[in-house]
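Structural characterization, general
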Amino acid sequence: EDGLSRLQTGGCFCLFSGLTDGASVPAALLNEIHYRQLRIVGAYGCTRMQMLRALDILSDHANTASLLIQERITLDEVPSVLPQILQGKVLKFIVEMV
């Protein structure tokens, strides 16, 4: 709400993240969008070609990239580490699909 209220008339607001469940949109905010002719757009952040290029870079620099990995886990282990992730204790897991 704060971000939209800061836009000038005709401004554009870009969502670069997902929204949480249970969030509601107040009617007043919808009126702001309507009367001030605001635009809301979404952005994922990368194209397929950028992802392919990123994979090439990671492959070319595998030793350095490995420093970004805190731990490798299996898909079955994901539920057990979610509390640690939500607490900000660990962030850099690789889920291996074996």
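Residues numbered from 1 in each chain as written. Predicted model: local features only at pLDDT ≥ 70, side-chain atom pairs only at ≥ 80, totals over all residues. Heavy atoms only, no water.

Considerations on unusual backbone geometry
To keep it simple, the criterion reads: Counting from the N terminus, the helices are the DSSP runs of H or I reaching at least four residues and the strands are the DSSP runs of E reaching at least two. The rule is simple: take the accessible area with a 1.4 Å probe, protein chains only, and divide by the maximum for that residue type; under 20% is buried, over 50% is exposed, in between is partly exposed.
Here Gln37, not a glycine, exhibits a phi torsion of approximately 55 degrees, which is positive. Inspection of the secondary structure puts Gln37 in the loop between helix H2 (27–35) and strand S2 (39–42). Exposure remark for Gln37: the relative accessible area of 59% places this residue in the exposed category.

A few points about the side chain of Arg36
Going by this rule: Whether two residues touch is decided by their heavy atoms; if any such pair falls within 4.5 Å, the residues are in contact.
Inspection of the secondary structure puts Arg36 in the loop between H2 and S2. Assessed through its relative accessible area of 16%, Arg36 is described here as buried. In contact with Arg36, other than residues within four places in its own chain, are Leu4, Ser5, Leu7, Gln8, Thr9, Gly10 and Asn31.

Thoughts on the confidence of the model for the protein chain
The line we're drawing: Residue-level confidence of the predictor, termed pLDDT, takes values from 0 up to 100.
Looking at the protein chain, pLDDT values average 88 and 100% of them are 70 or higher. Here helix H1 (residues 2–5) stands out as the element of the protein chain with the lowest mean pLDDT, 86, in contrast to H2, whose mean of 93 is the highest.

A word on a nonpolar patch on the surface
How we decide: A patch consists of residues whose relative accessible area exceeds 30% and which take part in no salt bridge; residues with like charges are grouped when within 9 Å of each other, and nonpolar side chains (Val, Leu, Ile, Met, Phe, Trp, Tyr) when within 5 Å. All accessible areas in this document rest on Shrake-Rupley with a 1.4 Å probe, and a residue is counted as covered only by the protein chains that are shown. Salt bridge, as applied in this entry: a Lys or Arg side-chain nitrogen positioned within 4 Å of an Asp or Glu carboxyl oxygen.
A grouping of Met49, Leu52, Leu55 and Leu58 is seen on the molecular surface, where their side chains present a nonpolar patch of about 400 Å² in accessible area. Mapped onto the elements, Leu55 comes out in helix H3 (residues 48–60).

Quick look at the pairing of strand S3 (residues 71–74)
Counted only if it meets this: Pairing between strands requires that DSSP locate at least two bridges from one strand to the other. Assignment of crossover handedness uses the view with strands pointing away from the viewer, where a clockwise path from the first strand over the helix to the second indicates a right-handed crossover.
Note: S3 against strand S4 (residues 93–96), four bridges, orientation parallel. Looking across to S4, one finds that Glu71 is bridged to Phe93. Handedness of the S3-helix H5 (residues 78–86)-S4 crossover: right-handed.

A closer look at the pairing of strand S1 (residues 12–15)
One face of the sheet, then the other: side chains in a regular strand alternate in exactly this way. Sheet topology places S1 next to S2; four bridges connect them, and they run parallel. When the sheet's bridge partners are listed, Phe13 is paired in S2 with Ile40. Once you follow S1 into H2 and on to S2, the crossover reads as right-handed.

Quick notes on the environment of Leu68
Along the chain, Leu68 turns up in the loop between helix H4 (62–65) and S3. Of the residues examined, Leu68 reaches a relative accessible area of 55% and is grouped as exposed. Once the C-alpha coordinates of Leu68 and Asp56 are considered, the two residues, 12 residues apart in sequence, prove to be 16 Å apart.

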